[in-house]
Amino acid sequence: MNPGKIWLSSPHMGGNEQKYVQEAFDTNWVAPLGPNVNGLEQDLEAYLGEKSYVAALSSGTAALHLGLVLLGVQAGDEVICQSMTFSASANPILYLGATPVFIDSEKDTWNLCPVALEEAIVDRIAKGKKPKAIIAVHLYGMPFKVDEVMSISKKYDIPVLEDSAEALGSTYKGQKCGTFGPLAALSFNGNKIITTSGGGALVCQHKEYKEKTVFFATQSRDNAPHYQHSEIGYNYRMSNICAGIGRGQMEVIDVRVSQRRGMNAFYQALFKESNEVQLFMEPTADYYSNHWLSAIVLSSYEKREALRLALEKENIESRPLWKPMHLQPVFENYPYYGSTVAEDLFKNGLCLPSGSNLNEEDKVRVAKNIKAFFATFE
Ligand SMILES: *Cc1c(COP(=O)(O)O)cnc(C)c1O
């Protein structure tokens, strides 16, 4: 018999989601506004800390898009973006008719390389165009080099839009990811650490930013009895039904973080004695990852692909790392700064099943198959 599929990362309900959804139906708040939307925003603000103002939106991509709008990005502008990421980090730059400038990763966090970042800024300024914003990603939940990146942001006066879609619950020097830049995007897609089925949020350091985000997200309607518009609007607000799921999920966020970290500890134990495999880990105690996905780097592309196929045969999902944007057909003609760190990680890296809902039986199966794979090389 074919055993059940073990997913990379699947939705994991806490128990009270349907209660909030039922409340929405009972009170007829079946709309992109209502008590669950406000409640989820308050839950996130309480979780992230005092100075966070959160606008719940229809997706993480919408949050990144409005983040760039708020930072004044317009057609013809340049926006710096980490190359090794999901395409949703970069797509909103193109929605606005702006040009992405891609940056390599460094080896410690797999995120923005501060050296390549500064080199790019200096070069773009010399070429006559100062970048409007920096999109920095906390990949797989790992905080980027916050001190280095934020000090470059300050030195050149270019704001950081944090892509914290994968990093709810991660911290750097004790401070939550999503609170370093003036703006940060969260995602609650089905595969993220918590989900609203589909959804996202923009975290703002200033109240006015949140108000402006909600204004843009609800078609930029002016204060008038009729529909009047002085600015281009978007339909990006979160549904009150989805927000109900989010409220249930926020009740268990801390549990989910410890379960994902538990999966990472499971892989630490599994690969403790391996000289074939390098597990992606926090470089120092300053970094605390939610370990949304646990990832490994193998000694070659061939081995990585062989392991992926061996697991697939056993109905266990694994996935190559994000293919860098500067290597994507759709982005290959845009400027790129750095060397081959992201490219090499992509070649040899693999994400392993990391969900908070894997049970002991699943773990035994994963461990057994991974061990069997490496035993064939001994
Ligand atoms: C998931 C994700 C997004 C997009 O979020 P959606 O809610 O799916 O639109 C953006 N950036 C990164 C790094 C992501 O992982």
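Analysis parameters
Residues numbered from 1 in each chain as written. Predicted model: local features only at pLDDT ≥ 70, side-chain atom pairs only at ≥ 80, totals over all residues. Heavy atoms only, no water. Helix = DSSP H or I, 4+ residues; strand = E, 2+ residues; numbered from the N terminus. Rg over C-alpha atoms; globule rule 2.2 N^0.38 Å. Buried < 20%, exposed > 50% of the residue type's maximum accessible area, 1.4 Å probe, protein only. Areas by Shrake-Rupley, 256 points an atom, 1.4 Å probe, with all protein chains shown as cover. Lys, Arg positive; Asp, Glu negative; His and termini not counted. Charge placed at Lys NZ, Arg CZ, Asp CG, Glu CD. Near = heavy atom within 4 Å. Polar contact = N/O pair within 3.5 Å; in protein donor to acceptor, adjacent residues only side chain to side chain. Salt bridge = Lys/Arg side-chain N within 4 Å of Asp/Glu carboxyl O. Phe/Tyr/Trp six-rings, centres within 6.5 Å; stacked < 30°, edge-to-face > 60°. Lys NZ or Arg CZ within 6 Å of the ring centre and 35° of its normal. Contact = heavy atoms within 4.5 Å. Pairing = 2+ DSSP bridges. Core = buried A, V, L, I, M, F, W, Y, C linked by side-chain atoms within 4.5 Å. Domains from an automatic or database assignment.

Per an unreviewed UniProt entry, the protein chain goes by DegT/DnrJ/EryC1/StrS family aminotransferase and derives from Flavobacterium ponti.

The number of helices and strands found in the protein chain is 12 helices and 15 strands. The C-alpha atoms of the protein chain give 21 Å as radius of gyration, which agrees with the globular expectation for 378 residues (21 Å, within 12%). For the protein chain, the spread of C-alpha atoms along the principal axes amounts to about 75 × 60 × 35 Å. For the protein chain, with 378 residues in total, the buried portion stands at 57%. In the form shown here, the protein chain has an accessible surface area of approximately 16300 Å², with 51% of it arising from carbon and sulfur atoms. The protein chain carries 36 positive and 43 negative side-chain charges, and their two centres are separated by 1 Å.

In the vicinity of the ligand, 16 residues are found, and the nearest of them are Thr61, Asp163, Glu166, Ser187 and Lys192. Residue Ser187 places a side-chain N or O atom 2.7 Å away from an oxygen atom belonging to the ligand. In this structure, an oxygen atom belonging to the ligand sits 3.2 Å away from a side-chain N or O atom of Lys192. For the ligand, whose unbound accessible area comes to 380 Å², protein coverage reaches 94%.

Our next topic: the pattern of salt bridges. Two side chains carrying opposite charge are able to pair once their charged atoms lie near each other. Summed over all chains, the structure comprises 20 salt bridges. Between Glu45 and Lys210 there is a salt bridge, and its shortest N-O distance comes to 3.2 Å. Of this pair, Glu45 sits in helix 2 (residues 35-48) while Lys210 sits in helix 7 (residues 207-217); the two residues are 165 residues apart in sequence, bridging distant segments of the chain.

Following the criterion strictly, the structure yields 14 aromatic pairs and no others. Measuring from ring centre to ring centre gives 6.5 Å for Tyr140 and Trp322, while their planes differ by 5°; the resulting arrangement is stacked. Here Trp322 lies in the loop between strand 13 (319-320) and strand 14 (336-337) and Tyr140 lies in the loop between strand 4 (133-137) and helix 6 (146-156), a separation of 182 residues in the sequence. Grouping aromatic residues by their ring pairs yields a cluster made of Phe86, Trp110, Tyr140, Phe280, Trp292 and Trp322. Here Lys176 stacks its cationic end above the ring of Tyr47, 4.2 Å away from the centre of that ring. A cation over a ring is seen here: Arg221 above Tyr227, with NZ or CZ 3.6 Å from the ring centre.

By secondary structure assignment, the location of Thr109 is in the loop between strand 3 (99-103) and helix 5 (114-126). Placed 232 residues apart in sequence, Thr109 and Val341 show a C-alpha to C-alpha distance of 11 Å. Residues contacting Thr109, with those up to four places away along its chain left out, are Met142, Pro143, Phe144, Lys145, Phe280, Pro283 and Tyr287.

Taken together, the three strands give an open sheet; going across it, the order is 7-6-11, and neighbouring strands pair in antiparallel fashion. Of all the strands in the sheet, just strand 7 (175-176) and strand 11 (287-288) have a single pairing partner and so form its edges. Taken together, the two bridges between strand 6 (residues 171-172) and strand 11 define a ladder with antiparallel strand orientation. When the sheet's bridge partners are listed, Tyr172 is paired in strand 11 with Tyr287.

Core analysis: the largest hydrophobic core is formed by 64 residues, its most contacted members being Leu44, Trp110, Leu117, Tyr140 and Leu168. For this core, the two domains that each supply at least three residues are domain 1 (17-250) and domain 2 (253-375).

Both faces of strand 12 (residues 294-297) are covered, namely the face carrying Ser294 and Ile296 and the face carrying Ala295 and Val297. Summarising the sheet, strand 10 (residues 278-279) and strand 12 pair through two bridges and their orientation is antiparallel. Its bridge partner being in strand 12, Leu279 is matched across the sheet by Ile296. Relative to strand 15 (residues 349-352), strand 12 is paired through four bridges, and the arrangement is antiparallel. Residue pairing across strands places Ala295 opposite Cys351, the latter belonging to strand 15.

This part covers the side chain of Asp222. Looking at the element boundaries, Asp222 is found in the loop between helix 7 and helix 8 (240-250). Of the buried charged residues, Asp222 lacks a salt bridge, with Lys212 as the closest side chain of opposite charge at 7.9 Å. When neighbours within four sequence positions are excluded, Asp222 is seen to be in contact with Phe215, Gln228, His229 and Ser230.

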